[in-house]
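Now for the letters of each chain:
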Amino acid sequence: MLDDDLDDIHPLFHGAPSSASFKKLRKRIVRYTRAAIEQYGRIERGARWLVCLSGGQDSYTLLAGLHELKWRGLLPVDILACNLDQGQPGFPATVLPEFLEKMGVEHRIEYQDTYSIVKDKVPAGRTYCALCSRLRRGNLYRIAREEGCSAVVLGHHRDDILETFFMNLFHGGRLATMPPKLVNEEGDLFVYRPLAHVAEEDCEKFAKAMNYPIIPCDLCGSQDGLQRQQVKQILDQWERNAPGRRQVMFRALMNARPSHLLDPKLFDFAGLSLGSVKFEEDSDLPPKLR
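Each chain has its residues counted from 1, following the order in which its sequence is written. Only residues with pLDDT of at least 70 are given local features in this predicted model, and only at 80 or more are side-chain atom pairs given and counted; all residues enter the totals for whole chains, interfaces and linings. Hydrogens are left out, water is left out, and the side-chain values use all remaining heavy atoms of the structure.

### Thoughts on the sheet that holds strand β3 (residues 107-111)
Stated formally: Only strands joined by at least two bridges in the DSSP assignment are considered to pair. Numbering of helices and strands runs from the N terminus, with a helix taken as a DSSP run of H or I at least four residues long and a strand as a DSSP run of E at least two residues long. Interaxial angles span 0 to 180 degrees and are taken between N-to-C directions of axes, which are lines fitted to C-alpha atoms, for helices over the stretch in contact.
Reading across from one edge, β3-β2-β1-β4-β6-β5 is the order of the six strands in this open sheet, with mixed pairing throughout. Of all strands in the sheet, those bounded by a partner on one side alone are β3 and β5 (181-183). Looking at each pair of strands side by side, their axes are set apart by 25 degrees on average, direction ignored. As defined by bridge partners, strand β4 (residues 151-153) adjoins strand β6 (residues 190-192) across three bridges and the pair is classed as parallel. Its bridge partner being in β6, V153 is matched across the sheet by Y192.

### A few points about the pattern of salt bridges
Let me state the cut-off plainly: Whenever a carboxyl oxygen of Asp or Glu lies within 4 Å of a side-chain nitrogen of Lys or Arg, that contact is scored as a salt bridge. With a 1.4 Å probe rolled over the protein chains alone, any residue whose accessible area is under 20% of its type maximum counts as buried; one over 50% counts as exposed, and the rest are partly exposed.
Enumeration according to the criterion identifies 22 salt bridges in this entry. In this structure, the salt-bridge partner of E186 is R145, at a minimum N-O distance of 3.7 Å. Taken together, the positions of E186 in the loop between β5 and β6 and R145 in helix α5 (residues 129-146) put the pair 41 residues apart, joining distant regions of the chain. The exposure class assigned to E186 is exposed, which follows from its relative accessible area of 52%. When salt bridges with common partners are traced through the structure, they connect R48, E106, R108, E110, R142, E146 and E147 into a single cluster.

### Overview of the confidence of the model for the protein
How we decide: pLDDT is a per-residue confidence score from the predictor, ranging from 0 to 100. Residue contacts follow a heavy-atom distance rule, with two residues in contact if any of their heavy atoms lie within 4.5 Å.
When pLDDT is averaged along the protein, the result is 88, and 89% of the positions lie at 70 or above. Low confidence marks residues 285-290, where pLDDT is under 50. Its contacts with residues over four positions away, or in another chain, come to four contacts.

### Some remarks on the packing of aromatic side chains
To keep it simple, the criterion reads: Only rings of Phe, Tyr and Trp enter the pairing, Trp through its six-membered ring, and a pair is recorded when the two centres are within 6.5 Å. The plane angle decides the type: under 30 degrees is stacked, over 60 is edge-to-face, the rest tilted. By the criterion adopted, a ring carries a charge over it if an Arg CZ or a Lys NZ lies within 6 Å of its centre and within 35 degrees of its normal.
Counted according to the given criterion, the structure contains twelve aromatic pairs. Ring geometry for F22 against F206: centres 5.7 Å apart, planes inclined by 15 degrees, an arrangement best described as stacked. Of this pair, F22 sits in helix α1 (residues 20-39) while F206 sits in helix α7 (residues 200-210); the two residues are 184 residues apart in sequence, bridging distant segments of the chain. Relative to Y192, the ring of W49 lies with its centre 5.1 Å away and its plane at 55 degrees, an arrangement referred to as tilted. Here Y192 lies in strand β6 and W49 lies in strand β1 (residues 48-52), a separation of 143 residues in the sequence. Following the ring pairs from residue to residue traces out a cluster consisting of F13, F22, Y60, F99, F206 and Y212. The ring of F13 has R26 sitting right over it, with the charged end atom 4.3 Å from the ring centre. Sitting over the face of the ring of F190, K181 holds its NZ or CZ atom 4.9 Å from the ring centroid.

### Things to note about the environment of D202
Along the chain, the position of D202 falls in helix α7. Taking the relative accessible area as the measure of exposure, D202 reaches 8% and is therefore buried. Note: C-alpha distance between D202 and I29 (173 residues apart in sequence) is 7.5 Å. Contact partners of D202, with chain neighbours within four places excluded, come to L25, R28 and I29.

What follows is the structure, given as structure tokens:
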């Protein structure tokens, strides 16, 4: 049930709109978050998670959804919110600490001037995202180890995952995206993306309705012509032409058929022989059109 008195729900939801549309939105976000957590791996009871909070709408939605699940006894882990202040000029450094204190959320604020490094190392005209992301991730891994966390939890949503897939397809020549669960290269930390099933639009509506203090990223957000922006525009156009197209494409990522792709490392094409396996016929047409 979502019709809670103020004393019965986490402060992150205090002041939530009482409209039916918001209750449906909130319920959908919590349900999808729980589904992603359960679908992609059993949770170790008593684990400690480092939940990364940038101040954007996605990370606020992530924090609220996880606390909702924990509040209801459905997520038996300890949550530590973490913001990495990367030294960007004009960054409102007091916003997140004050918000988290007010909400009663355990947190750590870390200052590391990666902004100066990125500006110094990236040539003029090149995008900052790759180096910025690597530096940020390295610091978050360090903080997770220092805090005794077993997982770094990120706020990437369904549309981020789709955009990454198409960026790899168009520019990287491979079929890959950001998985909902992985182990870091050192092998000592999980990386989780519990919003994997949640649409960006829902994150935006939720954070706006809750009036969370949004902090924009002025580093990469100030650059024009980013590949991700171009892919986003393509997906937006497809969605306008055929509403629901994003969700269909996302379902495809959950329904891969190695025998109908071309990677011999994933399927033993050379080992095929007549009568050896039940091999599905070519499926270049939707089932109902065959």
